[in-house]
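# Report on the structure
If you want the building blocks of each chain, they are given just below.
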Amino acid sequence: MQNRTALVVVAHHRTDSLTAHTARRTTQRLEAAGFRVDYMDLHAEGFDPRMNLEDQPEFGNREKPYSAEAQAHMRRILDADIVVAVFPVYWQSVPAIMKGWIDRVWNYGFAYGRSKPRLAGKRMLWLGLAGIAGDDAFLPDMQATMEAHLSAGIAYYCGFAHSRVGLLPDAEERPQRLDAEGNLSIGDAVTGAERIAYYEEFDRKAADYLTEFLATEAVPV
């Protein structure tokens, strides 16, 4: 696994967020596993998620020269063996800045539109931090929705050999649950030693997802 490259893409506007912490810890674990890590903080790098004329796909021209910004991001994806996206879950999906990154960069002729995808053989892990409680009955439905959207609808469509959504519930210090009637209840914030244990467990779950994901590298595709 030496000399392999991982692209870690983080989508959060605050560097002191749990999302940013999880991205940094993921980077450390990847480096410990022998990867060279390219850390892409979409907010810090000033990425513009809005579509523009330069990056609008032309389905009759898969060789269209996209914007310099989009091409620079394409090169970073091509250079990576694995891509790990770390983001807060918004409406069972990625935040707007990450969706815009996919729209502008994972473009026609680059990520799709060829008989042999340029991204073929790469692997993708989506680490989504969600406020939903870990024992909420809706959690399996959220997992299934995100797998269908991110793994089947995006990664596999673009030729990735393996894609997995690592859904991380309990990202809020105040547990949130929705009952069968649609009523939202918010519990008390965890404090003291309980808070420390709470986030240690959260960190362990993120580490387990990464360990399981890296183990798929040994599986023939």
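All residue numbers refer to positions counted from 1 along the written sequence of the respective chain. Since the coordinates come from a predicted model, pLDDT governs what is reported: local features require at least 70, and pairs of side-chain atoms require 80 or more to be given and counted, while whole-chain, interface and lining totals use all residues. Note that the side-chain values use all heavy atoms of the structure and ignore hydrogens as well as water.

### Details of the side chain of D203
We count a stretch as a helix when DSSP gives it H or I for four or more residues in a row; a strand needs E for two or more, and each element gets its number in order from the N terminus. Looking at where D203 falls in the secondary structure, it is placed in helix α5 (residues 192-215). Each residue touching D203, except ones within four places of it in the same chain, is listed here: H21, R25 and R29. In what follows, residue pairs with any heavy atoms lying within 4.5 Å of each other are defined as contacts.

### Considering the packing of aromatic side chains
Between 30 and 60 degrees the pair is tilted, below 30 it is stacked and above 60 it is edge-to-face, where a pair is any two Phe, Tyr or Trp rings, Trp via its six-membered ring, whose centres lie within 6.5 Å. If you walk through the whole model with that rule in mind, you get six aromatic pairs. Between F59 and Y108, the ring centres sit 5.1 Å apart and the planes meet at 65 degrees, which makes this aromatic pair edge-to-face. Of this pair, F59 sits in the loop between β2 (35-41) and α2 (68-78) while Y108 sits in the loop between α3 (96-105) and β4 (123-129), and the two are 49 residues apart along the sequence. With relative accessibility at 56%, the residue F59 sits in the exposed group. Within the aromatic cluster, the residues linked to one another by ring pairs are F59, Y108, Y112 and Y157. Between buried and exposed lies partly exposed: a residue is buried under 20% and exposed over 50% of the maximum accessible area for its type, with that area taken using a 1.4 Å probe on protein chains only.

### Notes on the sheet that holds strand β3 (residues 82-88)
Across the sheet, five strands lie side by side as β2-β1-β3-β4-β5; this open sheet has parallel pairing. In this open sheet, the two strands that pair with only one neighbour each are β2 and β5 (162-168). Adjacent strand axes in the sheet meet at a mean angle of 15 degrees when their direction is disregarded. Two strands pair when backbone bridges link them, and strand β1 (residues 4-10) and β2 are joined in this way by seven bridges, in the parallel orientation. Counted as the bridge partner of R4 is F35 from β2. A pair of strands counts as paired when DSSP detects no fewer than two bridges linking them. Under this scheme, a helix contributes an axis fitted over its contacting stretch, all axes are lines through C-alpha atoms, and angles between N-to-C directions fall in the 0 to 180 degree range.

### Some words on α5
With 24 residues, α5 should cover 34 Å at 1.5 Å per step; its first-to-last C-alpha distance of 35 Å lies within 8% of that length. Taken as a whole, α5 has its buried residues at Y198, F202, D203, A206, A207, Y209, L210, F213 and L214. Where α5 is buried, its residues meet α1 (18-32), β2, β3, β4, α4 (139-156) and β5. Helix span, as expected, comes to 1.5 Å for every residue beyond the first.

### Topic: the nonpolar core
In globular proteins that are soluble, nonpolar side chains generally tend to be buried together. L42, F87, M98, W101, W106 and W126 are the most contacted members of the largest nonpolar core, which has 41 residues in total. Elements with a minimum of two residues in this core: β1, α2, β3, α3, β4, α4 and β5. With six residues, the top contributor of residues to this core is α4. What W106 contacts, discounting residues up to four positions off in sequence, is I77, W101, A111, Y112, M124, W126, I154, A155, C158 and F160. Among buried residues, those of type Ala, Val, Leu, Ile, Met, Phe, Trp, Tyr and Cys that are joined through side-chain atoms within 4.5 Å constitute a nonpolar core. If you look at the next biggest cluster of nonpolar residues, it comprises 21 residues, including V37, L125, L129 and F213.

### Concerning the UniProt feature "domain: Flavodoxin-like fold" (unreviewed entry) in the protein
UniProt positions are given in the numbering used here, feature names are shortened, and annotations may be inferred rather than shown by experiment. Summarizing the sequence annotation, UniProt attributes the feature "domain: Flavodoxin-like fold" (unreviewed entry) to residues 6-168 in the numbering used throughout. Within the segment residues 6-168, helix and strand shares are 33% and 20% respectively, and the terminal C-alpha atoms sit 21 Å apart.

### With respect to the pattern of salt bridges
By salt bridge we mean one thing: a side-chain nitrogen of Lys or Arg within 4 Å of a carboxyl oxygen of Asp or Glu. In the structure shown here, the tally under the stated rule is 18 salt bridges. In this structure, the salt-bridge partner of R14 is D16, at a minimum N-O distance of 2.9 Å. Residue D16 is classed as exposed on the basis of its relative accessible area, which comes to 55%. When the shortest N-O distance is used, the salt bridge between D55 and R104 registers 2.8 Å. Residue D55 is found in the loop between β2 and α2, and its partner R104 is found in helix α3; the two are separated by 49 residues along the sequence. Using a relative accessible area of 2% as the deciding quantity, one classes R104 as buried. Taken together, the shared-partner salt bridges in this structure form one network comprising R25, R29 and D203.

### Section: the environment of D55
Overall, D55 belongs to the buried group, its relative accessible area being 0%. On a C-alpha basis, the gap between D55 and E69 in space is 9.6 Å, while along the polypeptide they are 14 residues apart. Those residues in contact with D55 that lie beyond four places of it in its chain are K64, Y66, S67, A70, R104 and N107. A polar contact is formed between the side chain of D55 and the side chain of R104, at a distance of 2.8 Å. In the analysis that follows, any N or O atom pair within 3.5 Å is treated as a polar contact, provided that within protein one partner can donate a hydrogen and the other can accept it, and provided that, for residues neighboring in sequence, both atoms belong to side chains.

### Here's the deal with the packing of α1 against α5
At a minimum axis separation of 11 Å, α1 and α5 run at an interaxial angle of 45 degrees. By the criterion of interaxial angle, the relationship of α1 to α5 is oblique. Crossing handedness for the pair α1 and α5: right-handed. Here α1 contributes L18, H21, T22, R25, T26, R29 and L30 to the contact with α5, which in turn contributes Y199, F202, D203, A206, A207, L210 and L214. Angle categories: roughly parallel below 35 degrees, roughly antiparallel above 145, roughly perpendicular from 65 to 115, and oblique for all the rest. Here a crossing is called left-handed whenever its near helix is offset anticlockwise from the far helix by less than a right angle, and right-handed whenever the offset is clockwise.

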